[in-house]
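Residue-level structure breakdown
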Amino acid sequence: MTKATCLCGALEYEFTAPFDQMLHCHCSMCRKHHGTAFATFAAAPVAAFRWIAGKDAMTTYASSDQGNRFFCSTCGAVGPTLMPEAGFAICPAGNLLGDPGIRPQMHMFVGSKAPWYTITDTLPQHEGYPPEFGGGFGLNRPVAAAQPGVLVGSCLCGEVAYEAGAPFRMHSCHCSRCRRGRSAAHGTNVFVKIDDFRWTRGQSNIVEYKVPEARFFGVAFCARCGADVPRASSRGFFVIPAGSLDTDPGIRPQAHIFVGSKAPWFEITDNIPQFTEASPA
Ligand SMILES: [Zn+2]
Ligand SMILES: [Zn+2]
Ligand SMILES: [Zn+2]
């Protein structure tokens, strides 16, 4: 039995049979929807899926002719996808509580990978869908080349967009709030000074959610598509989910933080410095 919840706890569901597949997806839609470098999904037989709470607390966004994307209306975390015709239920792995037992088996859509992310593990990589899914490339939104000192980004549906100056920091956070809020292995964020950031459209579409017991931690997402968007921190900077970037930020991740809370199913294989909690810098 494996349970999963969103960041705010409104969505709660469980799987009563083991997962039989787990993979990382680097497609541009997943990167935008989760606000991260890649999304990780675990699939189980649909008969093993059961809602505990929150079935009606999700918003649906039709991201393409082929499918819908689901997210918690309160916190923006990605919800489960049920595919009864195909016989399986898909769980965004960042929302799993505990160890699901299974480990990631492949990377797909590496042809759409974020330019700032390097895959350093030895799992098989597929340009688009793997052959067992029928191949094909799906949708991709190419990332524009870097313009020196300028960041441009947007949500999945395109209603929210922003621009910013050069970032002063980039890191990946493995804390349970980032994992549940982004529904991914970890969040990766770019930081810019508050005066270097500007919304170019759609600011009124943004929903913010702050974890009640947290000092600072919160998330912001597009009400229409659920994609993670930047959020102003009371500490004087904007936190930009790196998956929302449309340009190469130039900067690369400088640290893994809160690795003491890392997902048991995710292994860090790069040489970027790791910190058990916050980084000293
Ligand atoms: Zn939620
Ligand atoms: Zn994807
Ligand atoms: Zn949107």
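Everything discussed here concerns the structure shown above.
Residues numbered from 1 in each chain as written. Chains lettered and ligands numbered in written order. Predicted model: local features only at pLDDT ≥ 70, side-chain atom pairs only at ≥ 80, totals over all residues. Heavy atoms only, no water.

Things to note about the overall build of the protein
Counted only if it meets this: Secondary structure counts use DSSP, requiring at least four H or I residues in a row for a helix and at least two E residues in a row for a strand, with both numbered from the N terminus. With C-alpha atoms as the basis for the radius of gyration, the globule rule is written as 2.2 Å multiplied by the number of residues raised to the power 0.38. Relative accessibility thresholds used throughout: buried, under 20% of the residue-type maximum; exposed, over 50%; partly exposed, between the two (1.4 Å probe, protein chains only). Residues are treated as being in contact if the distance between any of their heavy atoms lies within 4.5 Å. Note on areas: Shrake-Rupley with a 1.4 Å probe; residue coverage comes only from the protein chains shown.
A tally of helices and strands in the protein yields 2 helices and 20 strands. Taking 2.2 N^0.38 as the reference for a compact globule, 281 residues should give roughly 19 Å; the C-alpha atoms of the protein span a radius of gyration of 17 Å, in line with that estimate. Dimensions along the principal axes, computed over C-alpha positions, put the protein at roughly 50 × 40 × 40 Å. A total of 281 residues make up the protein; the buried ones form 56% of that total. Of all intrachain contacts in the protein linking residues separated by at least 6 positions in sequence, the fraction that spans at least 24 positions is 65%. For the protein, the accessible surface area stands at approximately 12,000 Å², while carbon and sulfur atoms represent 51% of it.

Some details on the coordination of the zinc ion (ligand 1)
In plain terms, the rule: Only nitrogen, oxygen and sulfur atoms count as donors, using a 2.8 Å cut-off from the metal that widens to 3.2 Å for Na, K and Ca. Water is left out, so coordination shells may look unfilled. Irregular is the default label, applied whenever a site is not tetrahedral (four donors, all angles between 85 and 135 degrees) and neither square planar nor octahedral (four or six donors, opposite donors over 155 degrees apart, all other angles between 65 and 115).
Within the protein, the zinc ion (ligand 1) binds to Cys-6 (SG), Cys-8 (SG), Cys-72 (SG) and Cys-75 (SG); these donor distances fall in the range 2.3 to 2.4 Å. Coordination at the zinc ion (ligand 1) comes from 4 donor atoms whose angles at the metal span 103 to 116°, giving a geometry best classed as tetrahedral.

Points about the sheet that holds strand β2 (residues 12-15)
To be explicit about the condition: We call two strands paired when DSSP finds no fewer than two bridges between them. Axis definition: a line fit to C-alpha positions, over the contact stretch in the case of helices; interaxial angles, taken between N-to-C directions, run 0 to 180 degrees.
With antiparallel pairing, the 3 strands of this open sheet are ordered in space as β1-β2-β5. Across the chains shown, the open sheet's two edge strands, defined by having one partner strand only, are β1 (2-5) and β5 (49-53). Taken over all neighbouring pairs, the strand axes of this sheet differ in orientation by 25° on average, direction set aside.

Details of the coordination of the zinc ion (ligand 3)
Protein-derived coordination of the zinc ion (ligand 3) comes from Cys-155 (SG), Cys-157 (SG), Cys-222 (SG) and Cys-225 (SG), at a distance range of 2.3 to 2.4 Å. Between the 4 donor atoms coordinating the zinc ion (ligand 3), the angles at the centre fall across 103 to 114°, so the site counts as tetrahedral. Along the chain, the residues donating to the zinc ion (ligand 3) fall in the pattern C-x1-C-x64-C-x2-C. In this pair, Cys-157 sits in the loop between β11 (151-154) and β12 (161-164) while Cys-222 sits in strand β17 (residues 218-222), placing the two residues 65 residues apart along the sequence. Neither Cys-157 nor Cys-222 differs from the other in exposure class; each is buried.

Brief notes about the pairing of strand β4 (residues 39-45)
Along β4, 6 of the 7 residues are buried, which leaves the element largely enclosed by surrounding structure. Summarising the sheet, strand β3 (residues 21-25) and β4 pair through 5 bridges and their orientation is antiparallel. In the strand pairing of β4, Met-22 is matched with Ala-42. Strand direction decides the pairing type here: β4 and strand β9 (residues 88-92), joined by 5 bridges, are antiparallel. Directly across from Ala-42, in β9, lies its bridge partner Cys-91.

Some thoughts on the sheet that holds β9
Read across the sheet, 5 strands follow the order β8-β9-β4-β3-β10 without closing on themselves; strand pairing throughout is mixed. Two strands in the sheet have a free side with no partner beyond their single neighbour: β8 (81-83) and β10 (107-108). Alignment of β3 against β10, held across 2 bridges, turns out to be parallel. By the bridge assignment for β10, His-24 is matched with His-107.

Regarding the environment of Arg-50
In this fold, Arg-50 is placed in strand β5. Looking at Arg-50, the relative accessible area reads 42%, which means it is partly exposed. Sequence separation of Arg-50 and Thr-16 is 34 residues, and the distance between their C-alpha atoms is 7.8 Å.

Here we look at the pattern of salt bridges
Side-chain pairs of opposite charge can arise where the charged atoms are in close proximity. Using the following cut-off: The term salt bridge refers to a side-chain nitrogen of Lys or Arg lying within 4 Å of a carboxyl oxygen of Asp or Glu.
Counted under the stated rule, the structure contains 8 salt bridges. One salt bridge in this structure joins Lys-32 and Asp-246, with 2.5 Å as the shortest N-O distance. In this pair, Lys-32 is assigned in helix α1 (residues 28-34) and Asp-246 in the loop between β19 (237-241) and β20 (256-257), connecting sequence segments 214 residues apart. Pair check on accessibility: Lys-32 and Asp-246 agree, each one buried. In this structure, Asp-248 engages Arg-252 in a salt bridge whose closest nitrogen and oxygen atoms are separated by 2.9 Å.

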